[in-house]
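# Residue-level structure breakdown
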Amino acid sequence: MRLPIASGAATAAVAVSLYPLFQGGAWFWASLGAIVVVTGIGVPASRYTLPDWLAPLAQIVALWIYLTAAFTGRKAWAGVVPTRESVAGLGKLLTTGFADIQRFAAPVPATTAITLLTCGGVGLVAIMVDLLASRLRRAALSGLPLLALFTVPAAVITEPIGWPAFIIASLGYLGLLVADGRERVSHWGRAVLVRRTSATGAPRTGSDVGVLRLSGKRIGLTAVVLAILLPALLPTLEPNPLFGFGIGNGRGRGGNSISIPNPIVNLRGELSLPNNSGVLSYTTSDGEPRYLRMYSLDIFDGQQWTMTGPNGRPEDRTSEGPLPPAPGQGRGVPVTTVTTKITVSNDVRNLKFLPLPYPPGRIAVEGDWRPDRDTLMVFSTENTARGLTYTVVSDEPKATPETLKSSGPAPQQIEGRYLQLPQDLPREVKDLAVRVTERGASRYEQAVQLQEFFTGKGGFTYSLSAQGHDEQALTDFLIRNRAGYCEQFAASMAVMARVLGIPARVAIGYTGGSKLGDRWQVRMHDSHAWPELYFEGTGWLRFEPTPAGVTGQGSAVVPDYSRTRAADWSDDRPTTAPTVGPGSSDPANGSASNPRNRRPDLEYGGAPVTVEEGTPMAARIGLGVLVVVLIMLIPAMLRWQLRARRRRSYSRASRPSGDSVALESTAATAVRTGRWEAATTAAWAELDDALCDYGMSRQPSESPRALAGRLIEQYGFGTEAAAAVTRIATTVERMLFARTPGEAGSPREDLRVVRRALAASVTRGRRIRAVLLPPSTLLRIRAMGGRLLDLFDRLENLRLRRPAGKDA
């Protein structure tokens with residue numbers, strides 16, 4: 001019976017590590033019910049020794065019945081027995097669950113379909129663990145399905161799994177191994193028999209498994225502690241910097257197709273990675289930074305933005321000549337031709353889309369790269385951008401407020417694709433879009449007003465802790481908390497622009513980065529999302545609703561053509577905190593994230609941001625060294641604290657002499673103070689610890705006087721040291737055996753003299769060890785750990801017994 005229960009407990013402990021993947025705790029209680037059902041079948045199967053092949057089958061059937069009752073009970077007979085309708089319902093829920101995990105980013109909402117998928121998976125893992133541990137007696141191998149369950153959050157989220165979850169999972173697995181070991185030893189035993197006395201007084205024999213259990217617990221506890229402490233002292237391994245956790249959610253149109261990772265899933269992970277690794281570097285012909293776009297998201301389903309799969313035609317290969325013209329950009333619009341040379345880092349893998357300034361016109365790149373005509377995303381089904389160097393020539397339209405105000409209506413093809421919104425879009429979102437913009441204003445003016453609403457007037461704050469893509473995420477961000485990162489800002493402005501009739505989409509890529517020398521460096525934390533709005537004659541233009549500077553997306557920049565209203569803002573407009581970043585060099589000049597305080601001549605000019613290479617790693621190494629030093633000094637600090645407490649004890653003690661002894665009229669009994677006895681005890685304990693620290697053991701049978709004589713003779717104490725140790729020994733003997741204390745010196749001064757004599761008789765290494773790693777303190781720590789493990793052992797051996805009188 002022990003192994004099935006331990007198997008279920010281990011599965012439940014490991015399942016706790018799934019908590020970062022879900023919103024709420026409904027998934028855990030449903031999964032715990034599945035584990036209880038599996039364990040409930042495993043216990044009687046072990047007790048009544050059913051065939052090993054029968055127990056897993058019974059557990060699968062029981063799990064099926066449990067899932068039916070929990071998720072499709074209305075379609076089942078009597079709410080429990082599966083029927084054809086309930087089986088079809090479970091299949092439909094499972095299909096929906098697989099689709100939902102493709103759409104949502106962690107933490108996903110605990111929908112019925114996702115909960116069923118999780119509950120069934122945990123139940124199957126519980127069956128596999130029970131099969132290996134209880135039926136096949138391979139408890140160590142049961143760690144494989146447990147490890148598979150534990151690695152799910154590690155493969156999906158970028159944040160490290162919390163150490164409490166790791167400890168719980170480790171203890172669950174160790175408990176399973178301990179249960180298996182006890183089962184084996186109790187059945188077969190060892191060749192060592194010990195005699196015990198039963199409750200009736202009769203001797204009995206049995207295998208001594210206590211030492212094995214205690215040793216196993218010490219090994220397991222040490223392994224868990226090292227597994228927690230060592231990773232904190234070592235450099236972390238980053239996940240795949242671009243698409244390591246992506247889930248394919250796109251499908252190409254036509255003959256050419258490509259599996260597209262979910263950009264939204266990876267965006268927050270890149271922004272929150274501990275090491276801000278380099279992604280690429282580039283130079284521009286005019287020396288100015290450029291946003292580099294990779295993805296264009298055009299579909300909003302009410303919960304998140306996704307993209308239509310790109311279509312690459314053979315005749316549009318970059319090697320065939322210029323790319324297709326930018327949609328909506330008229331031929332008569334003045335442009336600025338900019339040449340950008342980009343080099344992608346060798347650490348970037350599986351990158352199938354080229355980071356490019358928009359709109360790209362001509363690209364010189366090796367490999368088969370093709371643009372999508374509608375979005376000008378450039379991708380490859382055969383090559384990756386790892387370590388690639390390519391040159392882009394782009395014709396950027398010179399957008400001015402005058403031309404944008406007078407832009408005509410968008411073509412029907414553009415409006416049909418980029419104005420679509422779900423029918424159940426919350427009314428609050430629609431009303432907000434109308435309320436923060438002026439009636440009768442042009443679409444360009446409304447776009448600028450939306451941008452101002454996010455960057456200042458709306459009171460939004462930048463925070464990477466905002467999560468979720470459920471039905472309420474958009475409303476929560478716009479109406480309630482107004483805190484999020486670039487994804488929420490870009491997605492919300494694009495939705496509100498569509499409400500106002502402005503074609504909009506969401507772009508994902510990188511900001512311009514920071515300048516190092518003559519090159520612009522783009523790092524992981526420069527990952528960004530921004531909205532692109534369409535204006536006929538000019539085409540798609542970038543807007544920037546995300547706050548910038550230290551309190552926002554550090555390298556985000558508001559485009560020049562969207563700043564026309566800056567001079568008209570009132571002075572009482574709320575501003576964000578002053579920042580020093582790419583857009584400002586002095587906090588006194590205002591916030592870099594406030595468009596009113598931005599100066600075009602300071603945008604990435606004059607004094608570029610400088611990033612020291614290797615600083616994060618050096619800081620982590622220094623922090624790791626500091627932590628190691630502090631841990632190593634714990635015994636020394638404990639020893640110093642104990643000495644200080646003892647010193648206070650015998651410094652405050654009053655030592656009565658023969659003249660101050662109070663005498664009774666009929667007896668000469670001395671009244672000895674409790675403070676003096678405590679001081680003497682503290683002095684003797686301090687001498688004992690000093691001997692231990694210097695490697696001079698004290699024999700248990702030695703009296704204080706014999707110890708003093710041996711130290712004087714063995715280590716050649718001088719006159720002063722010999723007198724001091726003799727006084728200490730005499731004081732202890734008088735406290736133990738004499739009626740009166742008698743004359744005594746100062747314990748503090750005597751101990752100082754004796755310690756100095758002991759230190760002079762040992763090597764320098766021994767003296768250093770006595771200070772930094774005092775053996776007396778290490779022995780106390782070891783004894784404390786042993787008592788703690790003994791306590792666990794006693795709790796484990798508790799047995800509930802019925803009183804003898806009840807049997808009658």
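The structure presented is a predicted model; accordingly, all values stated were derived computationally and were not measured.

### Details of the overall build of the protein
- Across its full length, the protein holds 23 helices and 20 strands.
- Burial status across the protein gives 46% buried among its 808 residues.
- Sequence-distant contacts, at least 24 apart, represent 72% of the contacts inside the protein between residues at least 6 apart.
- Within the structure as shown, the protein displays about 39,900 Å² of accessible surface, and the carbon and sulfur contribution to it stands at 58%.

### Looking at the nonpolar core
- Leu-354, Tyr-390, Phe-454, Leu-478, Met-496, Leu-533 and Phe-543 are the most contacted members of the largest nonpolar core, which totals 70 residues.
- The element contributing the most residues to this core is helix H15 (residues 486-499), with nine residues.
- Apart from the residues lying within four places of it in its own chain, the contact partners of Leu-533 are Ala-447, Met-493, Ala-497, Ile-502, Pro-503, Ala-504, Gly-539, Trp-540, Leu-541 and Phe-543.

### Digging into the pairing of strand S19 (residues 527-535)
- Burial analysis of S19 places nine of its nine residues in the buried class, which makes it a mostly covered element.
- As judged from the seven bridges shared by strand S16 (residues 504-510) and S19, these two strands associate in the antiparallel manner. Each bridged residue has a counterpart across the sheet, and for Tyr-510 the counterpart in S19 is Ser-527.
- Two elements, S19 and strand S20 (residues 539-542), share four bridges in a ladder whose sense is antiparallel. In the sheet register, Glu-532 faces S20, and the bridge partner there is Arg-542.
- In textbook terms, the turn of a hairpin is the stretch between consecutive antiparallel strands, and for S19 and S20 this stretch comprises three residues, one of which, Gly-537, has a positive phi near 95°.

### A short note on the packing of helix H12 (residues 427-435) against H15
- Orientation of H12 relative to H15, taken along the N-to-C sense of each, is 75°, at an axis distance of 9 Å. If you check the angle between H12 and H15, you find them roughly perpendicular. Where H12 abuts H15, its residues Val-429, Lys-430, Leu-432 and Ala-433 lie against Val-495, Met-496 and Val-499.
- Taken together, the residues of the contact of H12 with H15 break down into six nonpolar, no polar and one charged.

### Some thoughts on unusual backbone geometry
- A cis amide bond, omega -5°, links Tyr-358 with the succeeding residue Pro-359.
- Relative to the helices and strands, Pro-359 resides in the loop between strand S9 (335-344) and strand S10 (360-364).
- The residue Arg-137 is not glycine, and still its phi comes out positive at about 55°.
- According to the relative accessible area criterion, Arg-137 is partly exposed, its value standing at 31%.
- The phi torsion at Arg-482 lies on the positive side, around 50°, for a residue other than glycine.
- Inspection of the secondary structure puts Arg-482 in the loop between helix H14 (473-480) and strand S15 (483-484).

### As for helix H19 (residues 704-715)
- Compared with the 16 Å implied by 1.5 Å per residue over 12 residues, the 16 Å span of H19 between its first and last C-alpha is a close match.
- Where H19 ends, the next residue or the one after it, Gly-716, has phi of about 60°, a positive value.

### A word on the confidence of the model for the protein
- Looking at the protein as a whole, its pLDDT mean stands at 77, while 73% of the residues score no less than 70.
- Segment residues 190-209: pLDDT under 50, and 25 contacts once partners within four positions in sequence are set aside and those in other chains are kept.
- A low-confidence stretch, residues 566-615 stays under pLDDT 50, and its non-local contacts, those more than four residues away or across chains, total 89 contacts.

### Let's talk about the pairing of strand S18 (residues 519-523)
- In terms of strand pairing, strand S5 (residues 278-284) meets S18 through four bridges, oriented antiparallel. Looking across to S18, one finds that Leu-280 is bridged to Val-522.
- Here strand S17 (residues 514-516) pairs with S18 via three bridges, running antiparallel. Residue pairing in the sheet places Ser-514 in a bridge with Gln-521 of S18.

### Notes on the side chain of Thr-546
- When you line up the elements, Thr-546 lands in the loop between S20 and helix H16 (615-632).
- Taking the relative accessible area as the measure of exposure, Thr-546 reaches 2% and is therefore buried.
- Residues contacting Thr-546, with those up to four places away along its chain left out, are Tyr-462, Cys-486, Phe-489, His-528, Ala-529, Gln-553 and Ala-556.

### Overview of the sheet that holds strand S13 (residues 389-397)
- Here we have six strands laid out as an open sheet, ordered S10-S13-S9-S5-S18-S17, and antiparallel in their pairing. Because the sheet does not close on itself, it has two edges, and the strands there are S10 and S17. Along the sheet, successive strands turn relative to each other by an average axial angle of 30°, direction set aside.
- Relative to S13, S9 is paired through nine bridges, and the arrangement is antiparallel. When the bridges of S13 are listed, Val-338 appears paired with Ser-394.

### Focus on the packing of aromatic side chains
- Throughout the structure, instances matching the rule amount to 21 aromatic pairs.
- Relative to Phe-460, the ring of Phe-453 lies with its centre 5.2 Å away and its plane at 80°, an arrangement referred to as edge-to-face.
- An aromatic cluster of three or more residues is present, and its members are Phe-453, Phe-454, Phe-460, Phe-477 and Phe-489.
- Over the face of the ring belonging to Trp-540 we find Arg-505, whose NZ or CZ atom lies 4.0 Å from the ring centre.

### Quick look at the sheet that holds S16
- Spatial strand order, S6-S16-S19-S20: four strands in an open sheet with antiparallel pairing. Where the open sheet ends on each side, the last strands, each with one partner, are strand S6 (292-297) and S20. Each strand axis lies, on average, 35° off the axis of its neighbour in the sheet, ignoring direction.
- Across the sheet, H15 touches S16 and S19, and the angle it forms with S19 is around 15°.

Here is what the cut-offs are and how they apply
Residues numbered from 1 in each chain as written. Predicted model: local features only at pLDDT ≥ 70, side-chain atom pairs only at ≥ 80, totals over all residues. Heavy atoms only, no water. Helix = DSSP H or I, 4+ residues; strand = E, 2+ residues; numbered from the N terminus. Buried < 20%, exposed > 50% of the residue type's maximum accessible area, 1.4 Å probe, protein only. Contact = heavy atoms within 4.5 Å. Areas by Shrake-Rupley, 256 points an atom, 1.4 Å probe, with all protein chains shown as cover. Core = buried A, V, L, I, M, F, W, Y, C linked by side-chain atoms within 4.5 Å. Pairing = 2+ DSSP bridges. Axes fitted to C-alpha atoms, helices over the stretch in contact; angles between N-to-C directions. Parallel < 35°, antiparallel > 145°, perpendicular 65-115°, else oblique. Nonpolar A, V, L, I, M, F, W, Y, C, P; charged D, E, K, R; others polar. Expected span 1.5 Å × (residues − 1). pLDDT = per-residue confidence, 0-100. Phe/Tyr/Trp six-rings, centres within 6.5 Å; stacked < 30°, edge-to-face > 60°. Lys NZ or Arg CZ within 6 Å of the ring centre and 35° of its normal.

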